[in-house]
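Examining the three-dimensional arrangement
Below, each chain spelled out in residue letters.
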Amino acid sequence: ETGVTQSPTHLIKTRGQQVTLRCSSQSGHNTVSWYQQALGQGPQFIFQYYREEENGRGNFPPRFSGLQFPNYSSELNVNALELDDSALYLCASSRLAGEMVEETQYFGPGTRLLVL
Amino acid sequence: TQLLEQSPQFLSIQEGENLTVYCNSSSVFSSLQWYRQEPGEGPVLLVTVVTGGEVKKLKRLTFQFGDARKDSSLHITAAQPGDTGLYLCAGFTSGTYKYIFGTGTRLKVLA
């Protein structure tokens, strides 16, 4: 059983640029959630994907968007980067089984993004 | 807006001491998870509690879910330097499919 993996591990961008972060979910998992964790704070929920559709969204602007692929891997895209977007971006995978039941989520190691 | 408040925010103790971290909310959760996170890494799941009043033990760590499923505590007995890290609680509500994370408790155990 493989765990959750993310790429790249670190990234430096400048204000106004666009970035794509990638996540491979744990084997057998069909749901991916993305979180933003600023330094010294807890993770903030960005959105979740299930069956290739957005299944819930936190308080993040539309320039944060995502995709989930048939193999359940996922991408997080951020357009028009701002300095405050500098953070650790975490993805977590889990398995939705039946209706409105979600099993435990497991996190990847994260991508640390620095916006200059 | 659902919020999870953790206390204390920071804790520095000597090896061998006991400690308790609290996670409180005005919202009811379907389940609650505790994680530990090392610098530069993702959170690692410690435990999931589901039933109100449930108590789970993981070696020297004891987790309790409040009867009303609005709060939880993590108690560490005889803390060791290896327990150092950021402890996070996260509440899940099945209706929203979202996890809400607490503000975190940064623990440092001195040898």
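Each remark here, short or long, concerns the structure printed above.
What you are looking at is a predicted structure, and each value in this text was computed from that prediction instead of being measured.

**With respect to the overall build of chain A**
From N to C terminus, chain A includes 0 helices and 11 strands. Based on the C-alpha atoms only, the size of chain A along its principal axes is roughly 45 × 25 × 25 Å. Per-residue burial for chain A yields a buried fraction of 48% across its 116 residues. Sequence separation of at least 24 residues holds for 55% of the intrachain contacts in chain A that already meet a minimum separation of 6. Only carbon and sulfur atoms are counted for the fraction: they give 49% of the accessible area of chain A, which is about 5600 Å². In chain A, 8 side chains carry a positive charge and 11 a negative one; their mean positions are 8 Å apart.

**Re the interface of chain B and chain A**
Listed by partner, the interface residues are 21 residues for chain B and 23 residues for chain A. Buried area between chain B and chain A, both sides added, is near 1700 Å², and the carbon and sulfur share of it is 57%. Linking chain B with chain A are 0 salt bridges, by the criterion used here. At the boundary of chain B and chain A, one finds 3 residue pairs in polar contact (both at pLDDT 80 or more). Residues that form the side of chain B that touches chain A fall into these classes: 9 nonpolar, 9 polar and 3 charged.

**Some details on unusual backbone geometry**
Following Ser7 of chain A, the chain continues into Pro8 of chain A via a peptide bond in cis, with omega recorded as -10°. Relative to the helices and strands, Pro8 of chain A resides in the loop between β1 (5–7) and β2 (10–13). Put simply, Ser7 of chain B and Pro8 of chain B share a cis peptide bond, and its omega is -5°. Relative to the elements of secondary structure, Pro8 of chain B occurs in the loop between β1 (5–7) and β2 (10–14). Despite not being glycine, Tyr72 of chain A shows a phi value in the positive range, around 75°.

**Notes on the packing of aromatic side chains**
Counted according to the given criterion, the structure contains 10 aromatic pairs over all chains. Measuring from centroid to centroid gives 5.4 Å for Tyr35 of chain A and Phe107 of chain A, while their planes differ by 45°, and the two rings are tilted. With a gap of 72 residues between them, Tyr35 of chain A in strand β4 (residues 31–37) and Phe107 of chain A in strand β10 (residues 106–107) connect regions that are remote in the sequence. When its relative accessible area of 11% is taken as the criterion, Phe107 of chain A is described as buried. Pairing Tyr35 of chain B with Phe101 of chain B gives two aromatic rings, centres 5.6 Å apart and planes at 35°, and the pair type is tilted. With a gap of 66 residues between them, Tyr35 of chain B in strand β4 (residues 31–37) and Phe101 of chain B in strand β10 (residues 98–101) connect regions that are remote in the sequence. Since its relative accessible area comes to 0%, Tyr35 of chain B is described here as buried. Feature note: the residues Tyr35, Phe45 and Phe107 of chain A together with Tyr35 and Phe101 of chain B constitute an aromatic cluster, connected by ring pairs.

**Regarding the nonpolar core**
Leu19, Leu32, Trp34, Phe63, Leu74, Ile76 and Leu107 of chain B are the most contacted members of the largest nonpolar core, which totals 22 residues. If you list the elements that add at least two residues to this core, you get β3 (19–24), β4, β5 (44–49), β7 (61–65), β8 (71–76), β9 (85–93) and β11 (105–110) of chain B. In this structure, Cys23, Trp34, Ile46 and Cys91 of chain A belong to the second largest nonpolar core, which totals 19 residues.

**Side note on the sheet that holds strand β8 (residues 74–78) of chain A**
Residue and element names in this part refer to chain A. Read across the open sheet, the 4 strands follow the order β1-β3-β8-β7; overall the sheet is antiparallel. Bordering the open sheet on either side are β1 and β7 (64–68), each of which pairs with just one other strand. Ignoring strand direction, the axes of neighbouring strands in this sheet form an average angle of 20°.

The rules we used
Residues numbered from 1 in each chain as written. Chains lettered and ligands numbered in written order. Predicted model: local features only at pLDDT ≥ 70, side-chain atom pairs only at ≥ 80, totals over all residues. Heavy atoms only, no water. Helix = DSSP H or I, 4+ residues; strand = E, 2+ residues; numbered from the N terminus. Buried < 20%, exposed > 50% of the residue type's maximum accessible area, 1.4 Å probe, protein only. Contact = heavy atoms within 4.5 Å. Areas by Shrake-Rupley, 256 points an atom, 1.4 Å probe, with all protein chains shown as cover. Lys, Arg positive; Asp, Glu negative; His and termini not counted. Charge placed at Lys NZ, Arg CZ, Asp CG, Glu CD. Buried area = accessible area lost by both parts, 1.4 Å probe. Salt bridge = Lys/Arg side-chain N within 4 Å of Asp/Glu carboxyl O. Polar contact = N/O pair within 3.5 Å; in protein donor to acceptor, adjacent residues only side chain to side chain. Nonpolar A, V, L, I, M, F, W, Y, C, P; charged D, E, K, R; others polar. Phe/Tyr/Trp six-rings, centres within 6.5 Å; stacked < 30°, edge-to-face > 60°. Core = buried A, V, L, I, M, F, W, Y, C linked by side-chain atoms within 4.5 Å. Pairing = 2+ DSSP bridges. Axes fitted to C-alpha atoms, helices over the stretch in contact; angles between N-to-C directions.

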